[in-house]
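Chain and residue survey
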Amino acid sequence: MLTLFLLYKLFFRDTGRPETVYLAFAFCFIVIVFTSFGIEKLWSKHINAKAFRLFLFPGAIIHELSHAFLCLITGTTIKELNIFKSGSSGIQYDRPKIPFLFDFFIATAPIFGCAFILVLISIILGNPIRVDESLPNEITFSFKIVFDYAKNFMDMIWLTLNAFWKSGIRSISSVFFIIASIIFTVTMAPHKNDIKYIVLGFIILGSVLFALEWFGISLLQYKWWDKMLDRSWVIITYIISILLTMLFISSIIIGMIKGVKLILGHKG
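Cut-offs and rules
- Residues numbered from 1 in each chain as written.
- Predicted model: local features only at pLDDT ≥ 70, side-chain atom pairs only at ≥ 80, totals over all residues.
- Heavy atoms only, no water.
- Patch = residues over 30% accessible without salt bridge, like charges linked within 9 Å, V, L, I, M, F, W, Y side chains within 5 Å.
- Areas by Shrake-Rupley, 256 points an atom, 1.4 Å probe, with all protein chains shown as cover.
- Salt bridge = Lys/Arg side-chain N within 4 Å of Asp/Glu carboxyl O.
- Helix = DSSP H or I, 4+ residues; strand = E, 2+ residues; numbered from the N terminus.
- Buried < 20%, exposed > 50% of the residue type's maximum accessible area, 1.4 Å probe, protein only.
- Core = buried A, V, L, I, M, F, W, Y, C linked by side-chain atoms within 4.5 Å.
- Contact = heavy atoms within 4.5 Å.
- Phe/Tyr/Trp six-rings, centres within 6.5 Å; stacked < 30°, edge-to-face > 60°.
- Bend = angle between axes of the 7 residues up to and from the residue.
- Axes fitted to C-alpha atoms, helices over the stretch in contact; angles between N-to-C directions.

1. Digging into a nonpolar patch on the surface
Residues F100, L200, I204, V208, L212 and I217 make up a contiguous nonpolar surface patch of roughly 490 Å² in combined accessible area. When residues in the nonpolar patch are grouped by element, the largest group, four residues, is from helix α7 (residues 195–214). With respect to the element layout, I204 can be found in helix α7. On the basis of relative accessibility, which here comes to 41%, the residue I204 falls in the partly exposed class.

2. Considering the nonpolar core
In terms of nonpolar packing, the biggest core is built from 52 residues, with I32, W43, F184, F202 and I240 touching the most fellow members. Elements represented by at least two residues in this core include exactly α2 (21–46), α3 (49–74), α4 (99–125), α5 (144–167), α6 (172–186), α7 and α8 (223–264). The element best represented in this core is α2, accounting for 14 residues. In contact with W43, other than residues within four places in its own chain, are F52, F55, L56, I182, V186, M246 and S250. Ranked by size, the runner-up nonpolar core spans six residues in total, among them A68, C71, I91 and A109.

3. A few points about the packing of aromatic side chains
This model, assessed by the stated rule, comprises twelve aromatic pairs. Taking 5.5 Å as the distance between ring centres and 50° as the angle between the ring planes, the aromatic pair formed by F29 and F112 counts as tilted. Of this pair, F29 sits in helix α2 while F112 sits in helix α4; the two residues are 83 residues apart in sequence, bridging distant segments of the chain. Classification of F29 as buried rests on a relative accessible area of 10%. On the basis of relative accessible area, F112 is assigned to the partly exposed category, the value being 45%. Taking the centre distance of 5.8 Å and the plane angle of 20° together, the rings of F177 and Y238 count as stacked. Of the two residues, F177 sits in helix α6 while Y238 sits in helix α8, which places them 61 residues apart along the sequence. Taking the relative accessible area as the measure of exposure, F177 reaches 2% and is therefore buried. Note on Y238: relative accessible area 11%, which makes it buried. Aromatic ring contacts, followed pair by pair, group F29, F102, F104, F105, F112 and F202 into a single cluster.

4. Some points on α3
The largest bend in α3 comes to about 65°, at F57, with the proline P58 one to four residues further on. Those residues of α3 that fall on the buried side of the exposure criterion are F52, L56, G59, I62, H63, E64, S66, H67, A68, L70, C71 and T74. Buried residues in α3 make contact with α2, β1 (78–81), β2 (91–93), α4 and α6. Note on α3: the residue one or two positions beyond its end, G75, has a positive phi of about 75°.

5. Structural notes on the packing of α2 against α3
Put simply, α2 and α3 touch, their axes get as near as 8 Å, and they point 145° apart. On α3, the residues that touch E40, W43 and S44 of α2 are F52, F55 and L56.

What follows is the structure in structure tokens.
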């Protein structure tokens, strides 16, 4: 009965609570994982392989070096590191000493590595592009949250396109930052074998932090932690806005190309 009561309190409350910020973070990281993975697969299928790899090459370097960096930190032996490799992964490493935990750290490293480089470029260029729309960072356990996020996702796509149009062509720095944003968000895409560690890891991490807050062991009471989460949320929002916009544009262009080919009688 106690278990049923806790499940009811957790999933059927109609108001958000501050601790649900951790679940919102976990959800958004999972969105980043699947959206970036989807875009990478879409591009690799419909864009010339050499052009595809060349465009994303700077991000691919950071992606693989991020894996390597976490391997060194966790004491995991690197068997092979080749950023020029055309296969599914440029790095091969032995089984980590603490299997699931270190697998999660190594697998998620490119998300944080690429985000760090993107933030660094933004600071150097003077923050040339801003997207004002933000996702709700407190979850209400109801069907309404599904529609809230869907609406926010659509708003983010529109506002990102608008920001690109208004600010993206005004200077070389803004154009460069848009290109960098595309490269370093798309190359956050995990290797296929890493997805299970990332998704399950973020679900567990978000749930544990949520549970700690819910039972009174609060990190949110510390201003530095709360401030760090707020700043991280801005970065995550920007990353998702870029990825959703790229997925939207790519789907339309590829759909149009396929439509033309179908009309002209070409297959594939």
